[in-house]
Amino acid sequence: MGNSDTGKKILVMHGPNLNTLGTREPEIYGSKTLDEINDDLKKQGKKLGIDVETFQSNHEGDIVDKIQASVGNIDAFIINPAAYTHTSIAIRDAVLLLEVPVIEIHLSNIYKREPFRHKSMVADVATGQIAGFGVSGYRMALDAAVDLMAS
Ligand code: CA2
């Protein structure tokens, strides 16, 4: 059961290029690194007795494989699909396999940016979306996941 008192597990997934967070465009994405974000989420999970696993990949197929492997093994799913948000039917189809709450999160407000970022392939198969609150959005997503798991 790992790091968990409740027996609940949340998978937080990060898409392409998010492994380089904190190194450029801090005005859009902030200055925290992905490791710092993941550590904060794991700490927040530990306080709540929830096992938080984090995963990042730059590869669409690896993301699909990880979602498939998580079916039946997680209680909620948080994903920032990064650029795949706007393109990936494969990730959308994989998300549809999950029978747990799904929270889509973006650091930036994708609706205030270039038109190609306004469309999310995941939005209508997610439970909800958080966008535009920077790194705090991940904390909000975890809070939302916890509430959704309880209901
Ligand atoms: O706002 C978000 O969280 C995005 O998902 C980030 C993606 C972008 O393609 C989406 O439209 C919105 C880009 C992630 C790029 O990661 C960076 C890492 C370091 C510095 C700059 C960007």
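Located above this text is the structure these notes cover.
Now for a look at the structure at hand. No experiment lies behind these values; they were computed from the predicted model shown.

Description of the sheet that holds strand E4 (residues 102–106)
Consideration 1: In space, the five strands of this open sheet follow the order E2-E1-E3-E4-E5, with parallel pairing throughout. Each of the sheet's edge strands pairs with one partner strand only, and the pair in question is strand E2 (51–56) and strand E5 (128–131). Ignoring which end each strand starts from, the neighbouring axes of this sheet average 20 degrees apart.
Consideration 2: One ladder, built from four bridges, connects E4 with E5; its direction is parallel. Note that in E5 the partner of histidine 106 across the bridge is alanine 131.

Topic: the environment of aspartate 35
Consideration 1: Mapped onto the elements of the fold, aspartate 35 is located in helix H2 (residues 34–48).
Consideration 2: With a relative accessible area of 57%, aspartate 35 lands in the exposed category.
Consideration 3: Along the primary structure aspartate 35 and threonine 20 are separated by 15 residues, whereas in three dimensions their C-alpha atoms are 9.9 Å apart.

What about the site of the ligand?
Consideration 1: Among the 16 residues in the neighbourhood of the ligand, the closest are listed as Asn80, His86, Leu107, Ser108 and Arg117.
Consideration 2: Contact between the ligand and histidine 86: an oxygen atom at 2.7 Å from a side-chain N or O atom of the residue.
Consideration 3: Within the backbone of leucine 107, a nitrogen or oxygen atom sits 2.7 Å from an oxygen atom of the ligand.
Consideration 4: Residue composition of the shell around the ligand, grouped by class: seven nonpolar, six polar and three charged.

Examining H2
Consideration 1: The end-to-end C-alpha distance of H2 is 21 Å, a good match for the 21 Å that 15 residues give at a rise of 1.5 Å each.
Consideration 2: Of the surrounding elements, those touching the buried residues of H2 are strand E1 (9–14), E2 and helix H5 (136–150).

Concerning the side chain of arginine 113
Consideration 1: When you line up the elements, arginine 113 lands in the loop between E4 and E5.
Consideration 2: Given a relative accessible area of 18%, arginine 113 falls into the buried group.
Consideration 3: A polar side-chain atom of arginine 113 sits 3.0 Å from a polar atom in the side chain of tyrosine 29.
Consideration 4: A polar side-chain atom of arginine 113 sits 2.9 Å from a polar atom in the side chain of serine 108.
Consideration 5: Excluding residues within four positions of it along the chain, arginine 113 makes contact with Ile28, Tyr29, Ser108 and His118.

What counts as what
Residues numbered from 1 in each chain as written. Predicted model: local features only at pLDDT ≥ 70, side-chain atom pairs only at ≥ 80, totals over all residues. Heavy atoms only, no water. Pairing = 2+ DSSP bridges. Helix = DSSP H or I, 4+ residues; strand = E, 2+ residues; numbered from the N terminus. Axes fitted to C-alpha atoms, helices over the stretch in contact; angles between N-to-C directions. Buried < 20%, exposed > 50% of the residue type's maximum accessible area, 1.4 Å probe, protein only. Near = heavy atom within 4 Å. Polar contact = N/O pair within 3.5 Å; in protein donor to acceptor, adjacent residues only side chain to side chain. Nonpolar A, V, L, I, M, F, W, Y, C, P; charged D, E, K, R; others polar. Expected span 1.5 Å × (residues − 1). Contact = heavy atoms within 4.5 Å.

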